[in-house]
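Take a look at the letters that make up each chain.
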Amino acid sequence: MIDLHYWPTPNGKKVSIHLEECGADYRVVYCHIGAGEQFSDDFLQISPNNRMPAIVDHDPADGEGPLSVFESGACMMYIAEKTGQFGGRNQREKWEVYQWLIWQMANQGPKIGERGHFSRLEDSQGDQSYASRRFGDEAHRLYGVMNNRLYDRRYLAGDEYTIADMASYPWTVGWEAQGIDLDEFKYFKRWFNELSERPALQRGMELGSELTQDYSQISDEDKERILKLLYNQRARPAPATGGIET
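In this text, all values refer to a predicted model and were calculated from it rather than measured experimentally.

Enquirer: So what's going on with the side chain of arginine 115? Which residues, and what values?
Expert: With respect to the helices and strands, the residue arginine 115 is situated in helix α4 (residues 91–120). When sequence neighbours within four positions are dropped, the list of residues in contact with arginine 115 reads Phe135, Gly136, Ala139, Ala177, Gln178 and Gly179.

Enquirer: Mind laying out the environment of tyrosine 231, listing which residues take part and the relevant values?
Expert: By the element assignment, tyrosine 231 lies in the segment after α9 (220–230). On the accessibility criterion, tyrosine 231 (26% relative accessible area) is partly exposed. When the C-alpha atoms of tyrosine 231 and histidine 117 are compared, they prove to be 9.5 Å apart, with 114 residues separating the residues in sequence. Tyrosine 231 has contacts with His117 and Arg120, leaving out every residue within four places of it along the chain.

Enquirer: I'd like to hear about the layout of surface pockets, residue by residue, with values.
Expert: Taken as a whole, the second largest pocket holds about 280 Å³ of empty space. Of the residues that constitute the lining of the second largest pocket, the class distribution is four nonpolar, six polar and five charged.

Enquirer: I'd like a rundown of the pairing of strand β1 (residues 2–6), residues and numbers included.
Expert: In terms of burial, β1 is a largely internal element, five of the five residues being buried. Side chains Ile2, Leu4 and Tyr6 of β1 all project onto a buried face; the interleaved residues Asp3 and His5 project onto the opposite face, where all are buried too. In this structure, β1 lies alongside strand β2 (residues 26–30), joined through five bridges in parallel fashion. Bridging from a neighbouring strand, tyrosine 6 pairs with tyrosine 30 of β2. Tracing the backbone out of β1, into helix α1 (residues 10–22) and back to the parallel element β2 gives a crossover that is right-handed.

Enquirer: How would you summarise the sheet that holds β1 if you had to cite specific residues and measurements?
Expert: Strand order in this open sheet of four strands is β2-β1-β3-β4, and the pairing throughout is mixed. Since the sheet does not close on itself, it has two edges, and those belong to β2 and β4 (67–70), each with one partner. Taking the axes of each pair of neighbouring strands and ignoring which way they run, one obtains an average angle of 20° across the sheet. Pairing analysis gives four bridges linking strand β3 (residues 54–57) to β4, with the strands arranged antiparallel.

Enquirer: Lay out α4 with the relevant residues and their values.
Expert: With 30 residues, α4 ought to run about 44 Å at 1.5 Å a step, and its terminal C-alpha atoms sit 42 Å apart, in line with that. Between the side-chain oxygen at the start of α4 and the backbone nitrogen of arginine 92 there is a gap of 3.2 Å, and the oxygen is on asparagine 90.

What counts as what
- Residues numbered from 1 in each chain as written.
- Predicted model: local features only at pLDDT ≥ 70, side-chain atom pairs only at ≥ 80, totals over all residues.
- Heavy atoms only, no water.
- Helix = DSSP H or I, 4+ residues; strand = E, 2+ residues; numbered from the N terminus.
- Contact = heavy atoms within 4.5 Å.
- Buried < 20%, exposed > 50% of the residue type's maximum accessible area, 1.4 Å probe, protein only.
- 1 Å grid on protein atoms, 1.4 Å probe; cavity = no way out; pocket = protein on both sides within 12 Å on 5 of 7 lines; lining within 4 Å.
- Points joined across faces, edges and corners; volume = space filled by probe spheres on them.
- Nonpolar A, V, L, I, M, F, W, Y, C, P; charged D, E, K, R; others polar.
- Pairing = 2+ DSSP bridges.
- Right-handed = clockwise from strand over helix to strand, strands pointing away.
- Axes fitted to C-alpha atoms, helices over the stretch in contact; angles between N-to-C directions.
- Expected span 1.5 Å × (residues − 1).
- Polar contact = N/O pair within 3.5 Å; in protein donor to acceptor, adjacent residues only side chain to side chain.

Rendered as structure tokens:
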């Protein structure tokens, strides 16, 4: 049994899609990021970066008790190795998959996430035109990277559907709000439409959909509280005693 510590964001949905595609036995542990549950001491033992998703495998291969993994890409690599599914069938395939998984982690997710962040800021936060243009252009460039990659192969890592595709898909469902014209990226569009028809992917995307926060329906006071939790965080102090001597 795998515990999935989860909230319905694109990063969370990467792992729920993977678990659904594998037919894995898993249990969802909701981590309400708007309520600050990612900062609890118990969760920090699993995910020291106070971010979800994270997983806990209660039946790891070494048989030495529960094993936790944080960071969505690492979770997917772990599940792929545990189940033998969607991670490549040999060394060359594996590294094709892992390259594109890391591309998603280092480029697509962060840059599209920043585009969304700056586009949501209110005028009271100052002029965001440079940041909006910067990350809007980068999002467009990244769709181009995917489109060119998919020009002569069915999936990102080759001819097989893998965790690279699963990781990238949730960040593309908001293409319209991201200012993207799908007709400009016809090879990406073919990939996107094909993946959108997969039942397991649909189940992974729907997980917890009723929990998504609609900011237009909450008070300005609650909105400010949530934004303080999610943005402009600074370092947490380490415990004053009990650590390794310096």
